[in-house]
Amino acid sequence: KGASQNVVPKLISDDLPIFNEILGEIFPGAQVVEMENEGIIDILQEACKIRHFVPGNKWVQKVLQLKQVMEMRHGVMLVGPVGSGKSSALSILRTVLEKSDDVKGDMYIIDAKAMDKDALYGILDGTTMEWTDGVFTNILRKIIEGARGEKDRFHWIVFDGDVDPEWAENLNSVL
């Protein structure tokens, strides 16, 4: 069960049969188990109903997997084709966590491809040694300062769009 819940959320659907085969070879009779969280599922179903979403079982499983991965990591990447439900899953999970944990959540969405690295992360002026925040670092600074009660909330900074090796590597270094 532990192997399934830690590995399956990171797999694309094409890799799931391969994982099942490997799991069966190493642990005969073992199978990938679906995630269960009755309290969360009820809230998730209600949030979907309000937004007129049709929550298929596979999509619900992905939302539950996303929740689990986000509990273990600071940085998470949702990958998939356009229209596959990534943004919807993130939005619904935010609603679910707000209702289940009774904590407000903020989501900051950045189109990282719309700016260069310096505008995104910030830049140090070599002459004056003065730091200028980029969009990402500005958001982080506001969250850390907590001037508007940010410390009583959870925060997600979302880089929406195609994965670019340059910003992904820089973000990986930050995390």
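Higher on the page you've got the structure.
Given the structure is predicted, the values throughout are model-derived calculations rather than measurements.

**Section: helix 4 (residues 57-72)**
Right, on to step 1. Over its 16 residues, helix 4 extends 23 Å from the first C-alpha to the last, a length consistent with the 22 Å expected when each residue adds 1.5 Å.
Right, on to step 2. What helix 4 keeps buried is the set Trp59, Val60, Gln61, Val63, Leu64, Gln65, Leu66, Lys67, Gln68 and Val69.

**A short note on the packing of helix 4 against helix 5 (residues 86-101)**
Right, on to step 1. Two elements in contact, helix 4 and helix 5, have axes whose closest approach is 10 Å; the angle formed by their N-to-C orientations is 65°. Between helix 4 and helix 5 lies a crossing of right-handed hand. Of the residues in helix 5, those touching helix 4 at Trp59, Val63, Leu66, Lys67 and Met70 are Ser88, Ala89, Leu90, Ile92, Leu93 and Leu97.

**Regarding the nonpolar core**
Taken as a class, soluble globular proteins show a tendency for nonpolar side chains to be buried jointly.
Right, on to step 1. In this structure, Leu44, Trp59, Val63, Ile92, Leu93, Val96 and Trp156 are the most contacted members of the largest nonpolar core, which totals 20 residues.
Right, on to step 2. Listed by contribution, the elements that provide at least two residues to this core are helix 3 (38-50), helix 4, helix 5 and strand 4 (154-159).
Right, on to step 3. In terms of nonpolar packing, the next biggest core, distinct from the first, is built from twelve residues, Tyr121, Ile139, Trp167 and Ala168 among them.

**Remarks on the environment of Gln68**
Right, on to step 1. Secondary-structure assignment places Gln68 in helix 4.
Right, on to step 2. A residue is classified by how much of its surface remains accessible, and Gln68, at 13% relative accessible area, is buried.
Right, on to step 3. Sequence spacing of Gln68 and Cys48 is 20 residues, and the spatial spacing of their C-alpha atoms is 19 Å.

**A closer look at unusual backbone geometry**
Right, on to step 1. Not every positive phi belongs to a glycine, and Asp102 is a case in point at roughly 55°.
Right, on to step 2. Mapped onto the elements of the fold, Asp102 is located in the loop between helix 5 and strand 1 (105-110).
Right, on to step 3. Residue Asp102 is classed as exposed on the basis of its relative accessible area of 69%.
Right, on to step 4. Its identity as a non-glycine residue notwithstanding, Met129 has a phi of 60°, on the positive side.
Right, on to step 5. The topology assignment puts Met129 in the loop between strand 2 (122-124) and strand 3 (131-133).
Right, on to step 6. With a relative accessible area of 56%, Met129 lands in the exposed category.

**Description of the pattern of salt bridges**
Right, on to step 1. All told, the structure shown has five salt bridges when counted by the stated rule.
Right, on to step 2. The partner of Glu71 in a salt bridge is Lys67, and the shortest N-O contact between them spans 2.4 Å. Pair noted here: Glu71 and Lys67 are both in helix 4, with a separation of four residues, about one helical turn.
Right, on to step 3. Among the residues examined, Glu71 registers a relative accessible area of 55% and is labelled exposed.
Right, on to step 4. In this structure, the salt-bridge partner of Glu98 is Arg94, at a minimum N-O distance of 3.5 Å. Here the residue Glu98 and the residue Arg94 both occupy positions in helix 5, the gap between them amounting to four residues, near one helical turn.
Right, on to step 5. Among the ionic contacts, a cluster of salt bridges with common partners joins Arg94, Glu98 and Lys104.

Reading the values: the criteria
- Residues numbered from 1 in each chain as written.
- Predicted model: local features only at pLDDT ≥ 70, side-chain atom pairs only at ≥ 80, totals over all residues.
- Heavy atoms only, no water.
- Helix = DSSP H or I, 4+ residues; strand = E, 2+ residues; numbered from the N terminus.
- Expected span 1.5 Å × (residues − 1).
- Buried < 20%, exposed > 50% of the residue type's maximum accessible area, 1.4 Å probe, protein only.
- Axes fitted to C-alpha atoms, helices over the stretch in contact; angles between N-to-C directions.
- Left-handed = near helix turned anticlockwise from the far one by under 90°.
- Contact = heavy atoms within 4.5 Å.
- Core = buried A, V, L, I, M, F, W, Y, C linked by side-chain atoms within 4.5 Å.
- Salt bridge = Lys/Arg side-chain N within 4 Å of Asp/Glu carboxyl O.

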